[in-house]
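Structural overview for review
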Amino acid sequence: MSSSYNNNSLSSKSIFSNRNIILAGIAWAVAALLYFLLFSAKIPGANGVESRAEWYVIGTNIFEALAYLGAGILCLRNWRSPQIVSSRNVWLAIAIGMLSYFLGGIFFGYTEIILKEEPDVSIGDVFFVLTYISLGVGMILAVASRRINLEKWQWLIVSAIGVFGSLVAWWISMQQTTPTELLAAILNWFYVVSDVVLLIIATTLLLAFWGGRVAQSWRMIAAAAFSLYIADMWFKFAQGPSYQSGDILEVFWVFSGVLFGMGAVLEHDASLSRTRRERGRKRA
């Protein structure tokens, strides 16, 4: 009985090992990309208006929701771990951001798919705003947790990406009609500014944490922020009277959730390895 229990326990641990979680994340991202590539084309309806199939739009929401839910759970695991290398508050803030995005996406999809309304301003925006605030706090805490000593050329890269990101966001904003409602206009500019700020912080993180095994997790976090920027900018560019979810570049929302989750897993794995090495030195 004891042997059977131990075997089951080991099997359970191996299924949810960090390696398997990483592989599952990659598989989820690839499956999402194939789904978007194969089924995102619009088809003419009975009234002659082209639109995407409802089952396809539901599928894109599922891919996105599970990516952010999984990332939130993995970040919470880091927050609960006393061995984690980075500050646990960093992972708590990112976890809140991921779970908030998950809930925001649920409300966004409900408004668009079930209510058949344009989700310009909805209760989902409450969670999206919380997402950007939480991610900003978490990433700033990560930068503040280590001494930033970038070279001049690295600061030039940060500045160049910040300027480029700002110009792209400004150009896209100028192409769109400014919302007439005050709340919609405020939210519109909040998202634009937040995307650019996260892009700058992500670039700083990428350069500050370059090198070493622990740095791998922050490369994933930076890539996740870049993916979020791409998807958000495309969403803003594509918005209009005939907008419908499911454009191919929206797959970067799924990529962003997967990359945040992978970053959390790599940090957890590096922290466990570091703890084992320290215990080994103490025994020696």
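Residues numbered from 1 in each chain as written. Predicted model: local features only at pLDDT ≥ 70, side-chain atom pairs only at ≥ 80, totals over all residues. Heavy atoms only, no water.

By the naming in an unreviewed UniProt entry, the chain goes by Permease and is assigned to Nostoc cycadae WK-1.

Looking at the overall build of the chain
The helix and strand tally for the chain stands at nine helices and two strands. The buried share of the chain, taken over its 284 residues, is 45%. Considering only intrachain contacts with a sequence separation of at least 6, the fraction spanning at least 24 residues in the chain is 77%. Surface summary for the chain: the accessible area is close to 15,400 Å², and the carbon and sulfur share equals 66%. (Helix = DSSP H or I, 4+ residues; strand = E, 2+ residues; numbered from the N terminus. Buried < 20%, exposed > 50% of the residue type's maximum accessible area, 1.4 Å probe, protein only. Contact = heavy atoms within 4.5 Å. Areas by Shrake-Rupley, 256 points an atom, 1.4 Å probe, with all protein chains shown as cover.)

Looking at the packing of aromatic side chains
As enumerated under the stated definition, the model contains 20 aromatic pairs in all. Their ring planes at 65° and their centres at 5.8 Å tell us that F190 and Y191 sit as a pair that is edge-to-face. Through pairs of rings, three or more aromatic residues link up here, namely W28, Y35, F36, F39, W55, Y56 and F63. (Phe/Tyr/Trp six-rings, centres within 6.5 Å; stacked < 30°, edge-to-face > 60°.)

Considering the environment of W55
Mapped onto the fold, W55 is located in helix α3 (residues 54-80). The spatial distance from the C-alpha of W55 to the C-alpha of I113 is 9.7 Å, given a sequence separation of 58 residues. Residues in contact with W55, not counting those within four places in the same chain, are Y35 and F39.

Structural notes on the packing of helix α4 (residues 88-114) against helix α5 (residues 124-144)
Where α4 contacts α5, the two axes come as close as 7 Å, and the packing angle between them is 160°. Viewed along their axes, α4 and α5 adopt a mutual orientation that is roughly antiparallel. Remark: the crossing between α4 and α5 carries left-handed chirality. (Axes fitted to C-alpha atoms, helices over the stretch in contact; angles between N-to-C directions. Parallel < 35°, antiparallel > 145°, perpendicular 65-115°, else oblique. Left-handed = near helix turned anticlockwise from the far one by under 90°.)

Things to note about the UniProt feature "transmembrane region" (unreviewed entry) in the chain
What UniProt calls "transmembrane region" (unreviewed entry) maps, in this numbering, to residues 21-43, 55-77, 89-110, 122-143, 155-174, 186-209, 221-239 and 251-272. Secondary structure across residues 251-272 comprises 100% helix and 0% strand; the distance between its end C-alpha atoms is 32 Å. (UniProt positions renumbered as here; feature names shortened; annotations may be inferred.)

Digging into the confidence of the model for the chain
Per-chain confidence: the chain averages 85 in pLDDT, with 88% of residues scoring 70 or above. Contacts of residues 1-12 to residues separated by more than four positions or lying in other chains number zero contacts, the stretch itself having pLDDT below 50. (pLDDT = per-residue confidence, 0-100.)

Some points on unusual backbone geometry
For residues that are not glycine, phi is negative in most cases, and the peptide bond is trans in most cases. Of note, K116 is a non-glycine position whose phi angle comes to about 60°, a positive value. Secondary-structure assignment places K116 in the loop between α4 and α5. Of the residues examined, K116 reaches a relative accessible area of 57% and is grouped as exposed.

Structural notes on a nonpolar patch on the surface
A contiguous nonpolar surface patch, about 1,100 Å² in accessible area, is contributed by L23, I26, V30, L33, L34, L37, L38, F39, W55, I230, I248 and L249. Of all the elements, helix α2 (residues 18-39) adds the most residues to the nonpolar patch, at eight residues. By secondary structure assignment, the location of F39 is in helix α2. (Patch = residues over 30% accessible without salt bridge, like charges linked within 9 Å, V, L, I, M, F, W, Y side chains within 5 Å. Salt bridge = Lys/Arg side-chain N within 4 Å of Asp/Glu carboxyl O.)

Concerning the pattern of salt bridges
For the coordinates displayed, the defined rule picks out two salt bridges. Between R52 and D247 there is a salt bridge, with its nearest N and O atoms 2.3 Å apart. Taken together, the residues span a long stretch of sequence, with R52 in the loop between β2 (50-51) and α3 and D247 in the loop between α8 (215-238) and α9 (251-283) at a distance of 195 residues. Close ionic contact of E54 with K116 constitutes a salt bridge, the shortest N to O distance being 2.5 Å. A residue pair is termed long-range when its members are at least 10 positions apart, and E54 in helix α3 and K116 in the loop between α4 and α5 qualify at 62 residues. A residue is classified by how much of its surface remains accessible, and E54, at 42% relative accessible area, is partly exposed.

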